[in-house]
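# Inside the fold
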Amino acid sequence: MSRIVYLVGPEGAGKSTNARLLKRYLEGYLGRCVVIPTPEIRSRNLFADVLARFLMRIGRIEYEVRPEGQWVRKVDTVFMRRIYKLWIFIEVVNFLLAYFIKVLPPLIFGCDVILTRFVIDFLTDMYSIARRVNAPLRIPSLLTYVMLRLRFGIDCVVYLDAEYEVLHKRYYIRRSTIIEPRWRVEFFRAVSKKIFEFVKDEDNSTFYMDTTSMDLREVNTELIKIVMHHVYGER
């Protein structure tokens, strides 16, 4: 029987690295066929990106000051609010298509799937879009209620977390680009953890790991223990 393991958490928490190490362990120890879908499955905001480029080209832009003191261009919030429902609809369709194309086929052919971006990340993006255009949270809340009950066949959810300073250090070492600003990371952490807690109240196959003071070996060892026991039933 195929399994789905979902790792969630902010950038720099070690999701991708631990997913690769877990994949290697399951293939080597259990002889499982394991797939990590790429690119990751979440809201890609494709519609918004194309529209934003168009609006900026024709001059429909606003300016705002970020907490870091930088002036940043953004598209016309009033116009974006008018197309908010269409925007959300396109994102939902995009997410579901990605699920049917990237997740279901490996499961059908007997492979396990490890996800590092999925439904909690997607829902967090939906709240971010609502915040961006100052829209009510009714639609993201409804999506949260519906999509979390679909489950999507997930067998185990592990939230990998860490303090911002640690995330920044890990991200800087791993990539040439810098991590997102603190306010954006903290927004993701706050919203995604609320959604995670909702899932946790409904299901006992969810686990939280604060990796702030843990090295990669310790995190991966604990992750393997969780997955082997709660997904594959090994002591």
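Here we summarise the structure given alongside this text. These numbers come from a predicted model, not from an experiment. (Residues numbered from 1 in each chain as written. Predicted model: local features only at pLDDT ≥ 70, side-chain atom pairs only at ≥ 80, totals over all residues. Heavy atoms only, no water.)

Turning to the packing of aromatic side chains, a few remarks are in order. Applying the stated criterion across every chain, the model contains 11 aromatic pairs. Both rings, one in Tyr-6 and one in Phe-118, keep their centres 5.8 Å apart while their planes meet at 90°; by these two values the pair is edge-to-face. Taken together, the residues Tyr-6 in strand β1 (residues 4-8) and Phe-118 in the loop between β5 (112-115) and α5 (119-132) connect sequence positions 112 residues apart. Measuring from centroid to centroid gives 5.0 Å for Tyr-99 and Phe-152, while their planes differ by 70°, and the two rings are edge-to-face. Pair noted here: Tyr-99 is in helix α4 (residues 84-108) and Phe-152 is in the loop between α6 (138-150) and β6 (156-161), with a separation of 53 residues, a long-range link. With relative accessibility at 8%, the residue Phe-152 sits in the buried group. (Phe/Tyr/Trp six-rings, centres within 6.5 Å; stacked < 30°, edge-to-face > 60°. Helix = DSSP H or I, 4+ residues; strand = E, 2+ residues; numbered from the N terminus. Buried < 20%, exposed > 50% of the residue type's maximum accessible area, 1.4 Å probe, protein only.)

Tracing the backbone shows Asp-121 in helix α5. Here the side chain of Asp-121 touches Tyr-6 through a polar contact of 2.5 Å, side chain to side chain. (Polar contact = N/O pair within 3.5 Å; in protein donor to acceptor, adjacent residues only side chain to side chain.)

With that out of the way, let us pick up the packing of helix α1 (residues 15-30) against helix α9 (residues 216-230). Orientation of α1 relative to α9, taken along the N-to-C sense of each, is 55°, at an axis distance of 10 Å. In this view, α1 runs oblique relative to α9, as classed from their interaxial angle. Relative to α9, α1 is oriented so that their crossing is right-handed. Mapping the contact onto sequence places Thr-17, Asn-18, Leu-21, Leu-22, Tyr-25, Leu-26, Tyr-29 and Leu-30 in α1 and Leu-216, Val-219, Asn-220, Leu-223, Ile-224, Val-227 and Met-228 in α9. Residue classes in the contact of α1 with α9 are distributed as 12 nonpolar, three polar and no charged. (Axes fitted to C-alpha atoms, helices over the stretch in contact; angles between N-to-C directions. Parallel < 35°, antiparallel > 145°, perpendicular 65-115°, else oblique. Left-handed = near helix turned anticlockwise from the far one by under 90°. Contact = heavy atoms within 4.5 Å. Nonpolar A, V, L, I, M, F, W, Y, C, P; charged D, E, K, R; others polar.)

What follows concerns the pairing of β5. Every second residue of β5 is oriented toward a common face, with Asp-112 and Ile-114 on one face and Val-113 and Leu-115 on the other, all of them buried. As judged from the three bridges shared by β1 and β5, these two strands associate in the parallel manner. The residue bridging Val-5 from the neighbouring strand is Ile-114, located in β5. Relative to β5, strand β2 (residues 34-35) runs parallel, the two sharing two bridges. Its bridge partner lying in β5, Val-35 is registered against Val-113. (Pairing = 2+ DSSP bridges.)

Another point: the packing of α4 against α6. Between α4 and α6, the least distance of the axes is 12 Å, while the angle of their chain directions is 20°. As far as their axial angle goes, α6 and α4 are roughly parallel. Where α4 crosses over α6, the two elements pack in a sense that is right-handed. Contacts from Tyr-84, Lys-85, Ile-88, Val-92 and Phe-95 in α4 reach Ile-139, Pro-140, Leu-143 and Met-147 in α6.

On their own, these measurements won't tell you what the molecule is for.
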